[in-house]
Amino acid sequence: MAKTTCPSCQSNFNLEGKLEIGTITKCSECKESLVIIWLFPLTMDFQQQNTFIRKQPKIKLNSKLH
Ligand SMILES: [Zn+2]
């Protein structure tokens, strides 16, 4: 368990379970989708703005339409 600060509402909350860069979670206060971008110190950012962390690009969806 580790404490971190929500970048959206600035509230402190605890993260439980596996903590890795790229892990997606939700703020318990504002329900914002957040992603872990750094571990020491534990830092969260908005999931939507961290496109480079996503490992599944959506580009492949278009190729199946042809
Ligand atoms: Zn929040």
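Scroll up to find the structure.
As the structure is a computational prediction, the values presented were derived from the model and not from experiment.

1. Quick word on the environment of Leu 34
On the secondary structure map, Leu 34 appears in strand 4 (residues 33-39). Counting along the chain gives 14 residues from Leu 34 to Gln 48, while the straight-line C-alpha distance between them is 8.2 Å. Ignoring sequence-local partners within four residues, the contact set of Leu 34 consists of Cys 6, Thr 25, Lys 26, Cys 27, Met 44, Asp 45, Phe 46 and Gln 47.

2. So, the pairing of strand 1 (residues 2-5)
In the sheet, strand 1 pairs with strand 2 (residues 12-15) via four bridges, with the strands oriented antiparallel. The partner of Ala 2 across the bridge, within strand 2, is Leu 15.

About the criteria used
Residues numbered from 1 in each chain as written. Predicted model: local features only at pLDDT ≥ 70, side-chain atom pairs only at ≥ 80, totals over all residues. Helix = DSSP H or I, 4+ residues; strand = E, 2+ residues; numbered from the N terminus. Contact = placed C-beta atoms within 7 Å. Pairing = 2+ DSSP bridges.

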